[in-house]
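Breakdown of the fold
Given next are the chains, with one letter for each unit.
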Protein chains: 2
Amino acid sequence: MAPRLVFSVCWFLLLLLLSSVCGGRRLRGESTALTLESVRKFLTREEDSIVFSLIERAKYPRNAPAYDPSYLGSPAKFHGLSLVELFVRETEAVQAKAGRYENPVEIPFFPRHMTSTLAPPYDFPNELHAAAAAVNVSGTIWREYLDGWLPQITSQGDDGNYAPTAAADLVCLQALSRRIHYGRYVAEAKYRDAPQDYNTAIRAQDRDALMKLLTFEGQEDAVKRRVEEKAKVFGQDVTLGKRADGGGNATDYKVDPVVVYRLYGDWVIPMTKMVQVEYLLRRLD
Amino acid sequence: MAPRLVFSVCWFLLLLLLSSVCGGRRLRGESTALTLESVRKFLTREEDSIVFSLIERAKYPRNAPAYDPSYLGSPAKFHGLSLVELFVRETEAVQAKAGRYENPVEIPFFPRHMTSTLAPPYDFPNELHAAAAAVNVSGTIWREYLDGWLPQITSQGDDGNYAPTAAADLVCLQALSRRIHYGRYVAEAKYRDAPQDYNTAIRAQDRDALMKLLTFEGQEDAVKRRVEEKAKVFGQDVTLGKRADGGGNATDYKVDPVVVYRLYGDWVIPMTKMVQVEYLLRRLD
């Protein structure tokens with residue numbers, strides 16, 4: 001009996017150990033299953049974050065002084081920075097201290113001004129091909145959001161709330177950047193799913209062929225129509241006993257749904273695809 | 001003819017001056033019309049911000065280490081602060097530099113750690129009675145949000161994203177604080193509307209009588225049901241060709257609408273009323 005009892009106890013302890021290690025959460029640093037399905041889920045959820053962030057930014061008017069480098073006074077004092085730029089730099093530094101950029105999903109706009117993290121290391125899943133992971137279009141996102149899209153989602157005016165305005169811009173910028181740079185993960189998932197489809201074009205460093213392989217117009221159209229719908233659903237005035245029917249004018253919503261449709265169609269989707277192409281070009285390095 | 005011409009020119013110039021001063025925007029520092037209607041509008045819009053912020057916080061799991069003072073290591077090093085507390089202190093300092101707390105609508109959680117603003121002064125409207133404006137329940141909001149409500153809107157788990165988690169908490173805390181402390185403006189608008197209704201109770205420093213004067217159960221019930229509805233509308237998975245009908249289980253939404261109903265009914269509304277009472281008690285000082 002004794003050996004069987006010892007065997008049973010050992011077996012029980014082994015099971016207990018396995019369940020405590022694998023049961024509650026993934027092993028640290030272990031690659032979670034990056035699949036086409038997990039990527040699709042992430043992108044769909046990010047749409048909500050992006051639409052919320054635009055609606056929250058639109059709560060404040062344009063507030064032009066926040067973007068004017070002369071507003072804070074002498075250019076020498078703040079190196080000619082606008083309030084928004086100074087705000088984002090310093091807030092990113094605080095977020096870096098708290099470990100935000102240890103997760104490769106997150107990319108800062110001002111990496112040179114980062115302080116190192118105070119938080120103990122956390123092994124985030126490492127899904128990306130090392131040689132391709134550094135694809136970065138933050139500069140373009142910053143410029144095109146501020147100059148191109150912001151005027152389209154805000155009304156003219158100045159209410160003096162520059163800090164909440166800058167904070168709202170940062171949330172928009174971070175959500176857009178996370179979505180666009182997630183193109184690296186999208187490309188990795190597609191590549192893992194069917195490497196043979198991409199290898200020839202990668203070896204030939206053929207951008208056009210890669211872009212063609214990554215383009216599914218029907219799918220892109222569905223995404224554009226869905227974010228337009230989200231702008232209607234999330235940007236309506238909810239009142240009791242009345243459900244929005246999706247009709248209505250641009251002025252019925254907190255951000256014009258047509259602008260959100262174009263933001264995705266003309267910018268977010270093409271930028272994400274550009275990131276995918278740049279990533280794949282380095283996928284065999 | 002000459003005097004009439006001079007008169008006409010002067011009249012024209014006067015009109016031009018008036019329109020340039022008053023037309024585009026309010027006069028700086030001038031009191032905007034604080035009315036029961038403007039207060040109602042502000043509170044209704046804040047509901048959207050609060051529901052969005054809760055949904056965005058619920059994107060991340062509980063992430064308990066971010067709230068554990070022992071997580072950052074030796075207590076002496078960070079004065080026993082949790083990552084979230086350190087994060088909020090330092091982010092508030094950046095926001096103070098950008099002028100956030102110059103607007104009396106905004107109140108920081110850690111005023112002792114503020115740096116002074118770099119932004120040129122902006123004359124925000126001064127609507128509050130000076131002796132009563134300092135009513136402050138930030139400590140209670142901080143504690144009850146973190147200990148009481150956060151566990152109800154987040155799932156168990158730890159994904160290591162402590163900085164985005166802390167950033168999402170700060171957005172929730174700021175929105176809740178702005179709403180609750182707006183009780184000062186609600187009380188001021190009600191007082192201005194009918195001072196005679198309140199003067200006796202204020203002179204007697206009678207809290208119960210003031211609370212009774214400020215309580216409209218039908219109205220509170222409508223607000224609770226509206227925020228529950230907003231949690232359903234904003235927290236649904238929007239898909240093309242399908243509109244949510246407001247039915248469904250708690251699990252169909254990103255934050256349980258019943259929790260949002262209770263958050264308002266059991267906490268936000270009573271806290272706002274408490275702020276109103278405290279404000280009115282000092283309204284004749």
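Residues numbered from 1 in each chain as written. Chains lettered and ligands numbered in written order. Predicted model: local features only at pLDDT ≥ 70, side-chain atom pairs only at ≥ 80, totals over all residues. Heavy atoms only, no water.

What counts here: UniProt positions are given in the numbering used here, feature names are shortened, and annotations may be inferred rather than shown by experiment.
An unreviewed UniProt entry annotates chain A as Chorismate mutase originating from Musa troglodytarum. What the UniProt record of chain A gives under Pathway (unreviewed entry) is the line "Metabolic intermediate biosynthesis; prephenate biosynthesis; prephenate from chorismate: step 1/1." According to the UniProt record, the Catalytic activity (unreviewed entry) comment for chain A is "chorismate = prephenate".

1. Details of the overall build of chain A
Rules: In this text, helices come from DSSP runs of H or I with a minimum length of four residues, and strands from runs of E with a minimum of two, each type numbered from the N-terminal end. Relative accessibility under 20% of the residue-type maximum defines a buried residue, over 50% an exposed one, and the middle range a partly exposed one, all with a 1.4 Å probe and only protein chains included. We call two residues in contact whenever any of their non-hydrogen atoms come within 4.5 Å of each other. Computed with a 1.4 Å probe, the accessible areas rest on the Shrake-Rupley method; for each residue, only the protein chains presented here act as cover.
Helix and strand counts for chain A come out as ten helices and zero strands. Listed N to C, the secondary structure of chain A is α-α-α-α-α-α-α-α-α-α in terms of helices and strands. Residues counted as buried form 52% of the 285 residues belonging to chain A. The long-range fraction of contacts in chain A, counting pairs at least 24 apart against all pairs at least 6 apart in sequence, stands at 78%. As presented, chain A carries roughly 13500 Å² of accessible surface, and 57% of it is formed by carbon and sulfur atoms.

2. Description of the relation of the copies chain A and chain B
So the rule is basically this: A least-squares superposition brings the copies together, and it is based on the C-alpha atoms of residues with pLDDT no lower than 70 in both.
Each copy of the sequence occupies a distinct position, and chain A is placed on chain B by a rotation of 180° and an axial shift of 0.0 Å, giving an RMSD of 0.0 Å. What we have between these two chains is a two-fold relation. In terms of C-alpha distance to the rotation axis, chain A has phenylalanine 234 of chain A as its closest residue, with the C-alpha 2.7 Å off the axis. Counting the interface residues of chain A, we find that 98% of their copies in chain B are interface residues as well, pointing to one common contact surface.

3. Quick look at the environment of tyrosine 185 of chain A
Residues and elements named next belong to chain A. By the element assignment, tyrosine 185 lies in helix H6 (residues 183-193). When the C-alpha positions of tyrosine 185 and valine 105 are compared, they lie 8.7 Å apart, and in sequence the two are 80 residues distant. In this structure, tyrosine 185 is in contact with Leu34, Val39, Pro104, Val105, Glu127 and Leu128, ignoring residues within four places of it in sequence.

4. Description of the confidence of the model for chain A
All names here are of chain A. The test is simple: Confidence of the predictor at the level of single residues is captured by pLDDT, which takes values from 0 to 100.
Taken over all residues, the pLDDT of chain A has a mean of 89, while the share at 70 or more is 85%. Low pLDDT (under 50) marks residues 14-30, which in the prediction has 19 contacts with non-local residues, meaning those over four places away or in another chain. Interface confidence in the predicted complex, given as ipTM, is 0.88; pTM for the same model is 0.88.

5. Here's the deal with helix H3 (residues 83-97) of chain B
The line we're drawing: What a helix is expected to span follows from its residue count: subtract one and scale by 1.5 Å.
The end-to-end C-alpha distance of H3 of chain B is 21 Å, a good match for the 21 Å that 15 residues give at a rise of 1.5 Å each. Burial runs high along H3 of chain B: twelve of the 15 residues are buried. Looking only at H3 of chain B, the buried set comprises Leu83, Val84, Glu85, Leu86, Phe87, Val88, Thr91, Glu92, Ala93, Val94, Gln95 and Ala96 of chain B. Where H3 of chain B is buried, its residues meet helix H3 (83-97) and helix H5 (162-181) of chain A together with helix H4 (138-153) and helix H5 (162-181) of chain B. In the segment just after H3 of chain B, glycine 99 of chain B is the residue with positive phi, at about 95°.

6. A word on the interface of chain A and chain B
Where we set the bar: Salt-bridge detection follows one rule: a side-chain nitrogen of Lys or Arg within 4 Å of a carboxyl oxygen of Asp or Glu. For this classification, Asp, Glu, Lys and Arg are treated as charged, while Ala, Val, Leu, Ile, Met, Phe, Trp, Tyr, Cys and Pro are nonpolar and the rest, including Gly, are polar.
Tallying the contact residues gives 56 residues for chain A and 55 residues for chain B. Notably, a salt bridge pairs lysine 59 of chain B with glutamate 46 of chain A, separated by 2.8 Å at the nearest N-O pair. Of all the elements, H3 of chain A adds the most residues to the side of chain A that touches chain B, at eight residues. Classifying every residue of the side of chain A that touches chain B by side-chain character gives 26 nonpolar, nine polar and 21 charged.

7. Some details on the packing of aromatic side chains
All names here are of chain A. As a reminder of what qualifies: Stacked, edge-to-face and tilted labels apply to pairs of Phe, Tyr and Trp rings (six-membered ring for Trp) whose centres lie within 6.5 Å, assigned for plane angles under 30 degrees, over 60, and everything in between, in that order.
Scanning all chains against the criterion turns up 21 aromatic pairs over all chains. Between tyrosine 71 and tyrosine 162, the aromatic rings sit 5.3 Å apart at their centres with planes inclined by 85°, giving edge-to-face as the arrangement. Of this pair, tyrosine 71 sits in the loop between helix H2 (36-57) and H3 while tyrosine 162 sits in helix H5, and the two are 91 residues apart along the sequence. Of the residues examined, tyrosine 162 reaches a relative accessible area of 3% and is grouped as buried.

8. Some thoughts on the state of the cysteines
Note the threshold: By definition, disulfides here are pairs of cysteine sulfur atoms that lie within 2.5 Å.
Under the defined criterion, the tally for this structure stands at zero disulfides over all chains. Not engaged in a disulfide, the cysteine cysteine 172 of chain A finds its nearest cysteine sulfur in cysteine 172 of chain B; these two sulfurs lie 16 Å apart.

9. A look at unusual backbone geometry
Although it is not a glycine, glutamine 205 of chain A adopts a positive phi angle of roughly 50°. Checked against the element boundaries, glutamine 205 of chain A lands in the loop between helix H7 (195-203) and helix H8 (207-214).

10. Overview of the environment of lysine 232 of chain A
All names here are of chain A. Its location among the elements puts lysine 232 in helix H9 (residues 217-235). With relative accessibility at 18%, the residue lysine 232 sits in the buried group. Residues lysine 232 and arginine 62, spaced 170 residues apart in sequence, show a C-alpha to C-alpha distance of 21 Å.

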